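One-letter residues, chain by chain:
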Amino acid sequence: MEKVVLAFSSGLDTSVCIKLLQEKYNLEVITACVDVGQPENEVERSATVAHEIGVSKHYTVDAKQEFAENFIFKAIKANAVYEGYPLSTALARPLIAMKIVEIAQNEGAVAISHGCTGKGNDQFRFESTIRSSSDNQIIAPVRDLNLTRSEEIEYAKKHNIPLPVFSNYSIDENLWGRSIEGDILEDPMVEMPEEAFNWTKSSTDAPDEPLKLEIEFKEGVPVALDGKKLDPVEMIKECNRIAGSHGIGRIDIMEDRIIGLKSRENYETPGAVLIITAHKALEQIVFTRDELKFTANVSQTYSELIYNGLWHEPLREDLDCLIDHMQKRVFGIVRVRLHKGNLRIIGRKSPFSLYQEQAVSFEDKETDQREIVGMIKNYGIQAACYQNICKKE
Ligand code: ARG
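To start, this report covers the structure provided alongside it. What you see as residue numbers is a count from 1 along each chain, following the sequence as written. Note on the predicted model: pLDDT of at least 70 is required for a residue's local features to be given, and 80 or more for side-chain atom pairs to be given and counted; whole-chain, interface and lining totals, by contrast, use all residues. No hydrogens and no water enter the side-chain calculation; it runs on all heavy atoms of the structure.

**Overview of the overall build of the protein chain**
Secondary structure assignment for the protein chain yields 14 helices and 14 strands. Taken along its principal axes, the extent of the C-alpha atoms in the protein chain is 85 × 55 × 45 Å. For every residue, the accessible area (1.4 Å probe, protein chains only) is compared with the maximum for its type, and the residue is labelled buried under 20%, exposed over 50%, or partly exposed between those bounds. Counting only residues that meet the buried cut, the protein chain has 48% of its 393 residues in that class. Throughout, a contact is declared for two residues whenever any of their heavy atoms are within 4.5 Å. Across the protein chain, contacts joining residues at least 24 apart in sequence account for 73% of those joining residues at least 6 apart. In this description a helix means any DSSP run of H or I spanning at least four residues, a strand means any run of E spanning at least two, and both kinds are numbered starting from the N terminus.

Structure below.
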């Protein structure tokens, strides 16, 4: 029998896929769960469930460190945010797909499979990555058979497929954030119920005492919190924990999907909000006006590439070269204040700072104020000409 490698999470879609691949496609199924920081019990459950349903082999791949260093840190340097969404799910997809391709190649599999439906973004992200690194056939059983969620549940029951303890929502979680969608949240007027949040306190439950925190950046990425050095994975986890406990990082947006559908999305991304806000604050003191203006465009394009599943597009690599060069100067410390859902920058310093405290000071006597008069005389000269012409007409 020919082999297929399925990206497996033990959720409804991928659990149903195992059986479908065996029954309808007549393939030997190998599953792989790529750990990008989803809840530990989900990773463990994947191994158990895969064997229960009857796969020939199951892999668990710990990709947390790679995810943090090669994906999240790049996103931080680029301030990557799409329509208000820090791209947590989107960023993990290419890495998951790359790991699956690797396994498929080692196993000599003919096909690679994923559990995406035909409506979302993830099918684009998975398939563009797979195609850029392998010739394997791609099978998406849920999409192929045009299954609805209730049809999947029915199929699962019929085949004794163990289902996860159901949340009514579709939830995706990794190191960089938690996405919650579906069910009652499909109505944009329905408020996200408090119990659906897991990473963030509500502002009312957050501590009354504000917290001051210092984040140290080196070449554009966070390296220490209040002077304590942390490795990338620990840094992100710690930022999620601290910012979440102060009610930072709840995001409720209408998002434009790749295929153009609008969808209502809720996110909890406390660490991402904290780190990116602080990172931007540091860039403000280090970059010139022209650089700042330009990086806003870079950031927009970079974010769209990630969202649209085009991680392997050469432009992303080109932009990384530019970003890395610029980020060489993004060194320093940003002091923030967290309090009941509010995040404020209260201090920043950098050895590469372009800020001239002396020159900008109201007390400065060294620069003769009168020297500016010559420049100011012609400032806005075109506007003045225009207004004069209008008056005459
Ligand atoms: N809309 C987001 C994205 O496309 C998140 C999707 C997350 N999936 C989920 N099942 N909640 O990246």
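Picking up after the structure, the text goes on.
**Some points on a nonpolar patch on the surface**
Each patch is assembled from residues with relative accessible area greater than 30% and no salt bridge, linking like charges that lie within 9 Å and nonpolar side chains (Val, Leu, Ile, Met, Phe, Trp, Tyr) that lie within 5 Å. Residue-level accessible areas treat just the shown protein chains as cover; the underlying method is Shrake-Rupley with a 1.4 Å probe. A pair is scored as a salt bridge if a Lys or Arg side-chain nitrogen falls within 4 Å of a carboxyl oxygen belonging to Asp or Glu. Among the surface-exposed residues, Ile372, Val373, Met375, Ile376 and Tyr379 lie close enough to one another that they form a single nonpolar patch of about 580 Å² accessible area. Position of isoleucine 376 among the secondary structure elements: in helix α13 (residues 373–377). Exposure remark for isoleucine 376: the relative accessible area of 53% places this residue in the exposed category.

**Digging into the sheet that holds strand β12 (residues 262–268)**
Strand order in this open sheet of four strands is β6-β7-β12-β11, and the pairing throughout is antiparallel. Each edge of the open sheet is held by one strand with a lone partner, namely β6 (170–174) and β11 (250–256). Mean inter-strand twist for the sheet, computed between neighbouring axes without regard to direction, equals 25°. Judged from the seven bridges that link them, β11 and β12 form a sheet pairing that is antiparallel. The residue of β12 that forms the bridge with aspartate 256 is lysine 262. Set on the sheet, helix α4 (residues 88–107) makes contact with β6 and β7 (177–181); between it and β6 the angle comes to about 70°. At least two DSSP bridges between two strands are needed for those strands to be called paired. Axis definition: a line fit to C-alpha positions, over the contact stretch in the case of helices; interaxial angles, taken between N-to-C directions, run 0 to 180 degrees.

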